[in-house]
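Chain by chain, the residues:
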Amino acid sequence: MDKEFHLIIVAAGKGTRIDADIPKQYLEIAGKSLLTHTLDAFSTINGLKSLCLVVNPNDKVHYERIMMDWSKDIPIQIAFGGRTRQQSVHNGLDTLSLRDKDIVLIHDSARPFIDKRDINALLNALEHNEGASLAYKITDTCRRVSELDMAQEAVSRENLLGLQTPQAFHFGAIKKAHNLCDLNKEYTDDTALFSDMMNCDVKLVEASRHNFKITTKEDIAMAEKILSSNVLRETHIGMGYDVHAFDDDVSNADVTTVRLCGIDVPHDRKLKGHSDADVGLHALCDAIYGALGAGDIGQHFPPSNMAYKDMDSAKFLEHAVTLMKDRNARLINADITLICEKPKITPYKEQIQLRIAEIMGTLSARINVKATTTEGLGFAGRKEGIAANAIVSIEISHD
Ligand code: CTP
Ligand code: MG
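Thresholds applied
- Residues numbered from 1 in each chain as written.
- Chains lettered and ligands numbered in written order.
- Predicted model: local features only at pLDDT ≥ 70, side-chain atom pairs only at ≥ 80, totals over all residues.
- Heavy atoms only, no water.
- Near = heavy atom within 4 Å.
- Polar contact = N/O pair within 3.5 Å; in protein donor to acceptor, adjacent residues only side chain to side chain.
- 1 Å grid on protein atoms, 1.4 Å probe; cavity = no way out; pocket = protein on both sides within 12 Å on 5 of 7 lines; lining within 4 Å.
- Sits in = over half its atoms within 2 Å of the grid points.
- Axes fitted to C-alpha atoms, helices over the stretch in contact; angles between N-to-C directions.
- Helix = DSSP H or I, 4+ residues; strand = E, 2+ residues; numbered from the N terminus.
- Parallel < 35°, antiparallel > 145°, perpendicular 65-115°, else oblique.
- Left-handed = near helix turned anticlockwise from the far one by under 90°.
- Contact = heavy atoms within 4.5 Å.
- Nonpolar A, V, L, I, M, F, W, Y, C, P; charged D, E, K, R; others polar.
- Patch = residues over 30% accessible without salt bridge, like charges linked within 9 Å, V, L, I, M, F, W, Y side chains within 5 Å.
- Areas by Shrake-Rupley, 256 points an atom, 1.4 Å probe, with all protein chains shown as cover.
- Salt bridge = Lys/Arg side-chain N within 4 Å of Asp/Glu carboxyl O.

Trainee: Sorry if this is basic, but what is going on with the site of ligand 1 here?
Mentor: Not every one of the 19 residues close to ligand 1 is listed here, only the nearest: Gly15, Thr16, Ser88, Ser109 and Lys213. In this structure, Gly13 approaches ligand 1 through a main-chain N or O atom, which is 3.0 Å from an oxygen atom. Interatomic distance of 3.1 Å between a backbone N/O atom of Lys14 and an oxygen atom of ligand 1. Here ligand 1 is seated within the second largest pocket.

Structure (structure tokens):
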């Protein structure tokens, strides 16, 4: 029978050594965030009873999205991390209410390559030891260096092991060790803290070197290669087009904005429609449905259905994004053109790109919005309405 365990994943770090716009655990690697890869790897291990995710409250937009995708029945709770890894683990332990003998695994979010056999070996090691960690044999010749990176004395690799996570403890013992420890000491793993506080050795279990910690940009590139290698990818494109007329029934005096691509752009005329008439988002949804081979917006949200009356079109886009996820697709880029004489779109382009990225859970760099007039020609030129074109490119992965 599989041994039962509880899991703390520390994901409150800033990833300073990678120096990206967002912390490394939220960077997208082969179509999913690094943290999602780590969670997915654990979700296939049978003994997992509960999960505590330790995060930085400033990363709310990122971790909430990841939690929404956690479809397993295993209970998940959030704890807020601290300035150091040690403090983050401490806070995670504080949120758990477990029995002293329950097993807790502590794991870095930045290690997506865990191996089931290694985890089982680690859990078995805890039967006869107070604590245990995965570790790998150093195979390179080692030298200590001076500050100038000049080689100094040789260090025999015979007795050198690199420590990984997960690390395993009984809840009562690791909680006691953390409570005894000065929070400002900055241990970079829990076995060193545990050995010092409890005055005992921990067992090191030899594990796969695959389980490396993603620490630098080079590691990201390596992880991308590994995670992409057994997946067949296809690029699809789709296009969408939509038109809405201005609503002559609404008195201009009452109108101050028009809804375009998810934001309210200052204007004195509204567009007519069953929903909020967001012509830009409708075109974008149709482009996504097209790329997925999933029909069109009218099929998913028939105008005859009163439930969609005055609906915020962001909901339609969220639906299209859910369909993408269901089919293992991710957005490569989207390009939207609004066709109108007025309002002028350029001052709002950036805000629109950010809003669409927010709804879609992607980077704003993947979204481009532009506008054109028709030089006074046709219905757009006569200011009778607004048209929008959208084209998207998506990548569908087949495992
Ligand atoms: N971690 C944490 N709280 C901290 C610091 C680190 O929860 N205050 C987590 C990280 O999110 C990561 C793990 O501990 O999953 C291992 O830490 P490390 O690889 O050092 O990540 P960062 O501290 O984010 O990276 P860096 O040291 O480059 O800033
Ligand atoms: Mg760190």
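Trainee: Even after reading the chapter, I still don't get the packing of helix α8 (residues 279-292) against helix α11 (residues 349-360), so can you show me in this structure?
Mentor: The packing of two helices is summarised by the inter-axis angle and the distance between the axes. Where α8 contacts α11, the axes come no closer than 13 Å and their chain directions differ by 45°. Put simply, α8 runs oblique to α11. For the element pair α8 and α11, the recorded crossing hand is right-handed. For the pair α8 and α11, contact is made by Leu281, Leu284 and Ile288 and by Ile356, Ile359 and Met360, respectively. Tallied by class, residues from the contact of α8 with α11 come to 6 nonpolar, no polar and no charged.

Trainee: What's the story with a nonpolar patch on the surface in this structure? I'm lost.
Mentor: Where nonpolar side chains cluster on the molecular surface, the patch consists of Leu161, Leu163 and Leu204 and spans about 210 Å² of accessible area. With respect to the helices and strands, the residue Leu161 is situated in strand β10 (residues 161-170).

Trainee: Sorry, what's going on with the packing of helix α5 (residues 171-180) against helix α6 (residues 190-198) here?
Mentor: Taken N-terminus to C-terminus, the directions of α5 and α6 make an angle of 80°; their axes are 9 Å apart at the nearest point. Taken as axis vectors, α5 and α6 run roughly perpendicular relative to one another. Residues Ala173, Ile174, Lys176, Ala177, His178 and Leu180 of α5 pack against Asp190, Leu193, Phe194, Met197 and Met198 of α6. A breakdown of the residues in the contact of α5 with α6 according to their chemical character gives 8 nonpolar, 1 polar and 2 charged.

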